[in-house]
Amino acid sequence: MSKPKASIIVPVYGVEQYLAGCLDPLMNQRTTIPYEVVIVDDGSKDNSGKIAESYHQKYSNIVKVIHTGNQGLPMARNVGIKYSRGEDIMFCDSDDIPSIDFVSILEETLHKKTDVECANAGYMSMDFKSNVHNSFSKTNAYLLNLEVEFRNGSFLDIFASDGLIVLRAYVWCKAFKRELLEKQGIQFYPYRTTFEDLPFVFSCYLSSKKVQCTKKIVYTYRTSRPGSILNGGVKKDRLLTHLSAIFACRSFAEKTLGKDKAVEMFANRKYRFYAQMIPDTEFYGEDKRLALKQSRVLINQLLKPVLPVKNTFLEKACKAYGGDDFDMVDGETLDQLSKLVKENKQ
């Protein structure tokens, strides 16, 4: 296999029904750019691993298969990055459908202008009835085809507003230069969790000189597959992992920009974060007042100069992106904060 220009990382776990729909387009990309597909079988118990091997046998010039124990999606992606060889890194989820122009559009976007280190493209979403919806809306159309320098922190609006759907923090409609990841030491969480895309993409965007966007569609995302990570679990787990991801972003910002600028960056957008967190609160759907109050209490912890996360569920995420020596003080558990919300002490 010759040296590829682009590497596409495909983590696989228990998706035998959908895997061919993901891999077939990747085997037939409409491009002259040399690329590889690195499939990481994360300990699948069904036939997904065998299906992956069948693609390796048929397309050995393109496909590499790595079998691991079941470590979870973030670690599977890290393994894929480690064993990939391309200058540019892309990702596909194994139950989704990349377009046959996935590589060509992302490569064209990533190398369109000098100093671009990340590329962002458009996608379609598919519901459980196979209805397909465009990711764009008139309200965010002005963001398309822009080259944006994100050093001033304006990029944070991407992650703090559901309205800017085209620039949501999904990794599978984006491309990243390997040099950026290696220089900044950026990787996914080193443990099993969800919302893993958010701090990864945040860190890449904050570290990039420029990010190039295009409205061209490269991907179809299945939003409601039974058994998928985001459709499983319980509400409290989603709150914990979502909040952890935001705190991980704040930690990386502090490591990169310094404490004062990091606090200012997030404080300027706290109302967006309040709104974003409300649907994941314990009280959402039961008591609107308490849901808003809990959202404010949780996000306000994010705005303190020294994060109160030591010995809490947030500590691991902050260390993952802020470093083992990240500055922190003792904090309260989620149950303690929820109790304060109910007692109106916060």
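Residues numbered from 1 in each chain as written. Predicted model: local features only at pLDDT ≥ 70, side-chain atom pairs only at ≥ 80, totals over all residues. Heavy atoms only, no water.

Enquirer: Would you mind going over the packing of helix H10 (residues 270–277) against helix H11 (residues 288–302) in detail, with residue names and values included?
Expert: Their axes nearest at 9 Å, the elements H10 and H11 cross at an angle of 130°. In terms of their interaxial angle, H10 and H11 are classed as oblique. By crossing handedness, the relation of H10 to H11 is classed as right-handed. Contacts between H10 and H11 pair Lys 270, Phe 273, Tyr 274 and Met 277 from the former with Ser 295, Arg 296, Ile 299 and Asn 300 from the latter. Here the contact of H10 with H11 is built from residues that sort into 4 nonpolar, 2 polar and 2 charged. (Axes fitted to C-alpha atoms, helices over the stretch in contact; angles between N-to-C directions. Helix = DSSP H or I, 4+ residues; strand = E, 2+ residues; numbered from the N terminus. Parallel < 35°, antiparallel > 145°, perpendicular 65-115°, else oblique. Left-handed = near helix turned anticlockwise from the far one by under 90°. Contact = heavy atoms within 4.5 Å. Nonpolar A, V, L, I, M, F, W, Y, C, P; charged D, E, K, R; others polar.)

Enquirer: Explain the environment of Asn 300 residue by residue, including any values.
Expert: You can see Asn 300 is positioned in helix H11. For Asn 300, a relative accessible area of 31% puts it in the partly exposed group. Within the local environment of Asn 300, its side chain forms a polar contact with the side chain of Tyr 274, the two groups lying 2.6 Å apart. (Buried < 20%, exposed > 50% of the residue type's maximum accessible area, 1.4 Å probe, protein only. Polar contact = N/O pair within 3.5 Å; in protein donor to acceptor, adjacent residues only side chain to side chain.)

Enquirer: Which residues make up the pairing of strand E2 (residues 35–42), and what values do they have?
Expert: Within E2, 8 of the 8 residues are buried, leaving the element largely enclosed by the surrounding structure. Burial along E2 is two-sided: Tyr 35, Val 37, Ile 39 and Asp 41 and Glu 36, Val 38, Val 40 and Asp 42, pointing in opposite directions, are all buried. Across 7 bridges, the pairing between strand E1 (residues 6–12) and E2 is parallel. If you follow Ile 9 over to E2, its bridge partner there is Val 38. (Pairing = 2+ DSSP bridges.)

Enquirer: So what about the nonpolar core? Which residues, and what values?
Expert: In this structure, Phe 91, Phe 176, Leu 181, Phe 200, Cys 204, Phe 247 and Phe 266 are the most contacted members of the largest nonpolar core, which totals 63 residues. With sequence-adjacent residues up to four places away left out, Cys 204 is seen in contact with Cys 118, Phe 176, Leu 180, Leu 181 and Ile 186. (Core = buried A, V, L, I, M, F, W, Y, C linked by side-chain atoms within 4.5 Å.)

Enquirer: Give a description of H11 that names residues and reports values.
Expert: An α-helical turn contains 3.6 residues, so a residue and the one three or four places further along point in the same direction. The terminal C-alpha atoms of H11, which comprises 15 residues, lie 22 Å apart, in line with the 21 Å expected from a rise of 1.5 Å per residue. N-capping of H11 is provided by Asp 287, with a side-chain oxygen placed 3.0 Å from the backbone N of Arg 289. (Expected span 1.5 Å × (residues − 1).)

Enquirer: I'd love a proper account of the confidence of the model for the protein, names of residues and values included.
Expert: Here the protein shows a mean pLDDT of 86. Residues at 70 or above account for 83%. Counted against residues more than four places away or in other chains, residues 149–154, with its pLDDT under 50, gives 14 contacts. Predicted confidence is poor over residues 159–166, with pLDDT under 50, and the contacts of this stretch with residues over four places away or in other chains come to 29 contacts. (pLDDT = per-residue confidence, 0-100.)

Enquirer: Which residues make up the pattern of salt bridges, and what values go with them?
Expert: One pass over the structure, following the stated rule, counts 14 salt bridges. Ionic pairing is found between Arg 178 and Glu 182, a salt bridge with its closest N-O pair at 3.9 Å. Here the residue Arg 178 and the residue Glu 182 both occupy positions in helix H6 (residues 178–184), the gap between them amounting to 4 residues, near one helical turn. Residue Arg 178 is classed as buried on the basis of its relative accessible area of 13%. (Salt bridge = Lys/Arg side-chain N within 4 Å of Asp/Glu carboxyl O.)

Enquirer: Describe the packing of helix H1 (residues 19–27) against helix H2 (residues 48–58), with residues and values.
Expert: Contact geometry for H1 and H2: axes closest at 11 Å, N-to-C directions at 15°. Taken together, H1 and H2 sit at an angle that is classed as roughly parallel. Like other packed secondary-structure pairs, H1 and H2 cross with a definite hand, here right-handed. Contacts between H1 and H2 involve Leu 19, Ala 20, Leu 23, Asp 24 and Met 27 from the first element and Ser 48, Ile 51, Ala 52 and Tyr 55 from the second. Residues of the contact of H1 with H2, tallied by class, amount to 7 nonpolar, 1 polar and 1 charged.

Enquirer: Can you explain H2? Please cite residues and give values.
Expert: If you check which residues of H2 are buried, you get Ser 48, Gly 49, Ala 52 and Tyr 55. Projected down its long axis, H2 shows its buried positions confined to an angular sector of 120°, all on one face. Along H2, the residues that are exposed and aim more than 90 degrees away from the buried face are Lys 50, Gln 57 and Lys 58. The inward-facing, buried residues of H2 abut E1, H1, E2 and strand E3 (63–68). (Arc of directions from axis to C-beta.)

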